[in-house]
Amino acid sequence: MEEKKFNCKAEDVPVLAGFALKSLETDWDKFEAYSPVFTSQFVAGVTAQQTDCYALTKSSEVLKLQKVVTLKIADKSNELRLSLNLIEGYLKLAVNDLDIRLSDFGLTRIRTAISKGNVEGLISDTRSFIAVVKRNEAVLLAKGMKPELIAALTSEIQDLEELNTHQNVKKNERSRLADDNLKVFNELWDSLGIILSAGRAIFRGVDEVKLREYTLANLLKRVHSENGSSDKTTTDVKPA
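Residues numbered from 1 in each chain as written. Predicted model: local features only at pLDDT ≥ 70, side-chain atom pairs only at ≥ 80, totals over all residues. Heavy atoms only, no water.

**Regarding the overall build of the chain**
Scanning the chain for helices and strands turns up 10 helices and 0 strands. Along the chain, helices (α) and strands (β) appear in the sequence α-α-α-α-α-α-α-α-α-α when read from the amino end. Among the 240 residues that make up the chain, the fraction classed as buried is 38%. When contacts within the chain are restricted to residue pairs at least 6 apart in sequence, those whose partners lie at least 24 apart make up 76%. For the chain, the accessible area works out to roughly 13500 Å², and carbon and sulfur atoms hold 51% of it. (Helix = DSSP H or I, 4+ residues; strand = E, 2+ residues; numbered from the N terminus. Buried < 20%, exposed > 50% of the residue type's maximum accessible area, 1.4 Å probe, protein only. Contact = heavy atoms within 4.5 Å. Areas by Shrake-Rupley, 256 points an atom, 1.4 Å probe, with all protein chains shown as cover.)

Right under this line is the structure:
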């Protein structure tokens, strides 16, 4: 797994690179004289990296989709709870004819799983519950329970299982996307480090005003100021 090389927000990295590229353009003669590393190809490469960072689909977009699925799971869990309430009523009516005690049907475990958002536990316990209910179906039907109620509960748990699988897919997708994005941001961060390091070498002790243009702490202050952010500036971020 890719390790993050920067301590600021990922979305700050291309903005920082933009500041550095602008300063590099202004001071091009000095950089070109300082090292053969600084060529038009180098600038084009960093600009392309910056563009890639801006264009990336953020993992937060996947998170939004994941939240939609989470809400659907909550709605479906509530539907399931209502079906359980009805079936429990029939279980109590048939309590003397059931093949196990009412307390052993697992209703408490199911409701606890719903309350705690334990979807895997909810699915497992409800499937076990359905199996026992079906085993006692004859006595429950005699008390007035309709076959459609068991069918509805079975359908609800199937829908819930599909939603849970979809949510897990989204979680994995978000994790992969975040890791892929991080590689691109890390590459731009490395390029930013080359520019800032050279700029500090060129202007330290020569031009303090120019030196600030290549000092990360000052660039971060500019980012937060332009974004209207009140976040605390990270001053210990060091380019790799």
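**Brief notes about helix α5 (residues 107-116)**
Each full turn of the α-helix corresponds to 3.6 residues, which orients residues three or four apart in the same direction. The set of residues buried in α5 consists of L107, I110, A113 and I114. The buried residues of α5 all sit within an arc of 125° when viewed along its axis, so they share a single face. Relative to its buried face, α5 has exposed residues pointing more than 90 degrees away, namely T108, S115 and K116. Phi turns positive one or two residues past the end of α5, at G117, with a value near 70°. (Arc of directions from axis to C-beta.)

**Let's talk about the packing of aromatic side chains**
Two descriptors summarise a pair of aromatic rings, namely the distance from one centre to the other and the angle between the planes of the rings. Scanning all chains against the criterion turns up 7 aromatic pairs. On the basis of an interplanar angle of 55° and a centroid distance of 6.5 Å, the ring pair of F6 and F185 is categorised as tilted. One end of the pair, F6, is in the segment before α1 (12-26); the other, F185, is in helix α8 (residues 147-203), and 179 residues separate them in sequence. Looking at F6, the relative accessible area reads 1%, which means it is buried. Take F185: its relative accessible area is 9%, and that puts it in the buried class. Seen in terms of ring centroids, F105 and F129 are 6.1 Å apart; in terms of plane orientation they differ by 70°. Their pairing is edge-to-face. With a gap of 24 residues between them, F105 in the loop between α4 (59-93) and α5 and F129 in helix α6 (residues 119-135) connect regions that are remote in the sequence. (Phe/Tyr/Trp six-rings, centres within 6.5 Å; stacked < 30°, edge-to-face > 60°.)

**Remarks on the packing of α5 against α6**
Contact geometry for α5 and α6: axes closest at 9 Å, N-to-C directions at 155°. As the angle between them shows, α5 and α6 are arranged roughly antiparallel. Of the two elements, α5 crosses α6, and the hand of that crossing is left-handed. Here L107, R109, I110, A113 and I114 of α5 lie close against α6, whose contacting residues are G121, L122, D125, T126 and F129. The class makeup of the residues in the contact of α5 with α6 is 6 nonpolar, 2 polar and 2 charged. (Axes fitted to C-alpha atoms, helices over the stretch in contact; angles between N-to-C directions. Parallel < 35°, antiparallel > 145°, perpendicular 65-115°, else oblique. Left-handed = near helix turned anticlockwise from the far one by under 90°. Nonpolar A, V, L, I, M, F, W, Y, C, P; charged D, E, K, R; others polar.)

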